[in-house]
Every structure is written in C-alpha cells, then in structure tokens.
Amino acid sequence: MSKTLIIGAGGVAAVAIHKCCMNSDVFPDICIASRTVAKCEAIKKEALAKGTKTKISTASVNADDVNDVIRVINEYKPDFVMHLALPYQDLIIMDACLATGVSYLDTANYEPLDSAKFEYHWQWAYHDKFKNAGLTAILGCGFDPGVTQVWSAYALKHHFDEIHYIDIMDCNGGDHGYPFATNFSPEINIREVSANGRYWEADGYSNKKGEKGNGTPGKWIETKPMEVKYTRNFAEVGEKDMYLMYHEELESLAKNIPNLKRARFFMTFGQSYLTHLKCLENVGMTSIEPIEFNGQQIVPLQFLSKVLPDPASLGPRTKGKTHIGILFQGIKDGKPKKYYIYNTCDHQECYKEVGSQAISYTTGVPAMIGAMMYHKGLWKKPGVFNCEEFDPDPFMEQLNKQGLPWKEDFNPELID
Ligand code: NDP
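Residues numbered from 1 in each chain as written. Predicted model: local features only at pLDDT ≥ 70, side-chain atom pairs only at ≥ 80, totals over all residues.

## Considerations on the pairing of strand 3 (residues 55-60)
When strand 2 (residues 29-34) meets strand 3, the two strands line up parallel, connected through six bridges. For I30, the partnering residue across the bridge sits in strand 3 and is I56. Once the chain exits strand 2 it traverses helix 2 (residues 37-49) before rejoining the sheet at strand 3, and the crossover so formed is right-handed. (Pairing = 2+ DSSP bridges. Helix = DSSP H or I, 4+ residues; strand = E, 2+ residues; numbered from the N terminus. Right-handed = clockwise from strand over helix to strand, strands pointing away.)

Given below as structure tokens:
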C-alpha cells in the first residue's frame, strides 16, 4: 500500500491534498508535514469532513533542516515525498530522500534564499545520485512548470516532427478585489516578476538534444522586467496585456526538445498590480538584502510577504478564469504547422470543489497527478527528470479526469 508524505500546508499543498483524498485508491495513506502543524490539521479536518477514505496523519517539520526531514521520513516511512513547501528547500529534501531511499517530486526549481536565481543545474547535478540509488525525482510538476512541459512532449509525440517555436502564455483573468495581492507565495511571486526577462534562442538554429547538466547549445536573450509587451485575446477571458518573463521550464525545454529555435514565456498583469509593484520596488520593499530593524536583521521582501493577503485566503474572493496555453510552430510531414493547446479554469468553481482559487488549483492538481503517475509505475525511472522527459499520454488523460481539461486550436493567432 503506497504511503505519501506531503511537505507544506499552503495554497498548493491544500489542493494537492484534497485531490489525493479524492483519489484514495492511489493515495490510501498520506502524511501532511509542515512548519505550522495547525495548518496541516485544518486541511486534514476539511478532507475528513468530505468523507475521504484516505488515512491522514500530520507532523511538524522544519524543512530547512535535513535531519528533521530525515526524522519525519523515518517516522512515517513513505515511499514518495511531494515537496510543496518553498523552492529554498528543494536540495535539503532531495538530500533527505537520498538518505532514506524515497522518491521525490516538487513544483518549483531550487533557488538560493539570498539570490533570485531560477536555474536547474543544482537539481540536475543530483541525477546520478538518484539514478544510482534507483530513485525517481520529478522536477517542477505544477502547471508552469509542469503541464506546460507535458503539453510540449505531447505536441512533439502527436502533432509535430519538429517543434521550432514555443510560446507559453499564462493569463490570469481573475479579480480578487484587493488593490495588490499575489496568487501564490508572495515572496516567490515577487522575486520572479521583478527579475529581468529572458528568452532562449538556438545558436545557428542547430540545437541537438544536450547532455544532462551540460548546458544548452543556444543563448539567452535578456530583457528588462516588463519590457516586452503584447496584447492578446484569450478565449473565455478576453483581451489582456502580456509581458515577456523568464520562467524556469524554458531552461529544460531548450535542452530536451530537439530542433527548437526559440522558447518564450509570457504572463499577463493588470495595471494596478504593476503600479503597486513599481512603487514597492521604488521604496525598497522588494529587496532581498537584509536590513537592520529595531535591533534585528529583516529581509524587506519577507516582511512584505507577511503583510500581504495570504494567497490561501483569496479563494472566496476571486472571480473570473485563468487561461494558460502554448502556441507551437514547427514541421509535420514536411509542411509548416501551428498548434495551440490551452486550459481555462474558473476560480469560483475551484473554490467550490476544494476551497482554493485557480492558481493553487492549477498547481496542486498536476502535483497530485505526478505523484499518481509515480505510484502507478508510469513515471518511474531512476534519475532526476523534468516533466517533458516522461510519457505525456497518461498524464494528459488524468488532466481531463481531474479537473484541468485541455482544448486545442489548429488555427491560432501568431505572435510576431
Ligand atoms: P505558500 O506560501 O502558500 O505555502 C508554503 C508552505 O510551505 C506553507 O505551509 C509554509 O509553512 C511551508 N513552509 C515554508 N517553509 C517551510 C519550512 N522551512 N519547513 C516546513 N514548511 C515550510 O506557497 P504555495 O502553496 O502558493 O506554493 C508552494 C510551492 O508551489 C512554491 O514552491 C511555489 O513556488 C510553487 N508554485 C508552483 C507553480 C507551478 O505552476 N509550478 C505555481 C504556483 C506555485 P507555514 O504555513 O508555516 O508558512
């Protein structure tokens, strides 16, 4: 009987846990472990009130301390760990998994606390250790990263002989009624959107699949934050401004999708969000440099994230839909082809189902599906892998069954 340890009890974890509990045949026994055990208890209570057959236990863990994670793993003895806390803990939890012989999944790539660097090389460097231990590590299994890579693998398998251009578009048409709030971890969100934009272009358009960890035969083109803007009409949402950003799946797609010429990522932001962010940046509130305050060191961004609304509290207030899609261009049977795949997700429907808004939902559901793929033996191979390195078909089937159905458009509007 499978046992799953879920670390973290925030917005994403709450959704993943509810979804695990709705799939008790695959998740008969789970343990929720996080820093604030009361949050684990609250999620457990809600899941039990819905009548789940999954056995649920809770534990307190400090995921910044490898020995404490090892302690919890040894006490609960899971065969899979879903890490749904914060990216700073990725390497610590991977180390704890290696020390105890347990496979691993996360939803965001490792970044050091003191520098906003979103790079996979730290985690890819664990490939041989996981391979030699016969363990699987599934990296970045949320929506973006996560589903975006499953879709890329699916497009390559079923619709293209070669994919040349990938444009990922993440549109949130939801409104929570606050002048400024982030839909997931404020600290991670602000670090991400205030970083420079970047997209990837192949050198001489001759990219061949790179060796794991050896980097990519291409180059990154850097832009200022929010420098590149397009307006696009998103199905079921309407017209929105989208901005070019760096996003972590670009790095692994550039390595794993052969013949790729360019990969870009865009996200929509409303004017109120951007104005507030600019103001917070201008006064130094988004800085990750520690400062002295009342005799102690504080990080302005960490302080800011404490005064902003908790993403988990946005559920009842958020109305509207998300729309996340990928525009692919490439070659099929010698002819140019374009293909768009997307999902729309209604904030209020998510709230009715699991008590969370759609951003947590669109991340928590794929995390549960990734764990399900592992438990069913479908995504189980020794080593450290990104989502496009597994068979996309069983995952795509579960997206339709578990609340994130996808739609296709074979004549999409192009971006210049
Ligand atoms: P939250 O901030 O809502 O939740 C984080 C949880 O982790 C909290 O319960 C927190 O505990 C717990 N935690 C933090 N530090 C520790 C620690 N040292 N030890 C134990 N527990 C800890 O974040 P989200 O749920 O919104 O996001 C979770 C993850 O999902 C993040 O890594 C985020 O980047 C990622 N994400 C991925 C997306 C994707 O599409 N791939 C999209 C959105 C998010 P406490 O309750 O005590 O604060």
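## A word on the pairing of strand 4 (residues 80-83)
Judged by which residues are buried, strand 4 turns out to be covered on both faces: F80 and M82 on one side and V81 and H83 on the other are all buried. Across four bridges, strand 1 (residues 3-7) lies against strand 4 in parallel orientation. When the bridges of strand 4 are listed, I7 appears paired with H83. Note that strand 4 and strand 5 (residues 103-106) share four bridges and pair parallel. Bridge assignment links H83 to a residue of strand 5, and that residue is D106. This β-α-β element, strand 4 to helix 4 (residues 90-100) to strand 5, shows right-handed connectivity. (Buried ≥ 20, exposed ≤ 12 C-beta atoms within 10 Å, placed from the backbone.)

## Structural notes on the site of the ligand
G10, V12, A63, A85 and G142 are the nearest of the 34 residues found near the ligand. Looking at the shell around the ligand element by element, the count peaks at three residues for helix 1 (residues 11-21). For the shell around the ligand, the per-class residue count stands at 16 nonpolar, 14 polar and four charged. (Near = placed C-beta within 6 Å. Nonpolar A, V, L, I, M, F, W, Y, C, P; charged D, E, K, R; others polar.)

## Examining the domain arrangement of the protein
With domains assigned, the protein is organised as domain 1 (3-106) and domain 2 (147-354). Domain 1 and domain 2 are separated by 26 Å when their C-alpha centres are compared. Tallying the contact residues gives eight residues for domain 1 and six residues for domain 2. Of the residues that constitute the side of domain 1 that touches domain 2, the class distribution is five nonpolar, three polar and no charged. (Domains from an automatic or database assignment. Contact = placed C-beta atoms within 7 Å.)

## A look at the nonpolar core
Judged by nonpolar contacts, the single largest core of 118 residues is most densely connected at I6, I7, A16, I17, I32, I93 and A137. Top contributing element to this core by residue count: helix 13 (residues 358-375), with 11 residues. Counting only domains with at least three residues in this core, you end up with domain 1 (3-106) and domain 2 (147-354). Discounting chain neighbours no more than four positions away, the residues touching I7 are A33, S34, V61, A63, V81, H83, L84, A85 and I93. (Core = buried A, V, L, I, M, F, W, Y, C linked by C-beta atoms within 7 Å.)

## Some remarks on the sheet that holds strand 1
Read from one edge to the other, the open sheet built from seven strands follows the order 3-2-1-4-5-6-17, with strand pairing classed as parallel. Lying at the two open borders of the sheet, with one neighbouring strand each, are strand 3 and strand 17 (383-386). Taking the axes of each pair of neighbouring strands and ignoring which way they run, one obtains an average angle of 20° across the sheet. Lying over the sheet, helix 1 contacts strand 1, strand 2 and strand 4, oriented at roughly 160° with respect to strand 1. Docked against the sheet, helix 4 engages strand 1, strand 4, strand 5 and strand 6 (136-139), running at close to 165° with respect to strand 5. (Axes fitted to C-alpha atoms, helices over the stretch in contact; angles between N-to-C directions.)

## Remarks on the packing of helix 7 (residues 147-158) against helix 14 (residues 392-401)
Where helix 7 contacts helix 14, the axes come no closer than 9 Å and their chain directions differ by 120°. Classified by the angle between their axes, helix 7 and helix 14 sit oblique to one another. Crossing handedness for the pair helix 7 and helix 14: left-handed. Contacts between helix 7 and helix 14 involve V147, V150, A153, Y154 and K157 from the former and P392, F395, M396 and L399 from the latter. When grouped by side-chain class, the residues that make up the contact of helix 7 with helix 14 number eight nonpolar, no polar and one charged. (Parallel < 35°, antiparallel > 145°, perpendicular 65-115°, else oblique. Left-handed = near helix turned anticlockwise from the far one by under 90°.)

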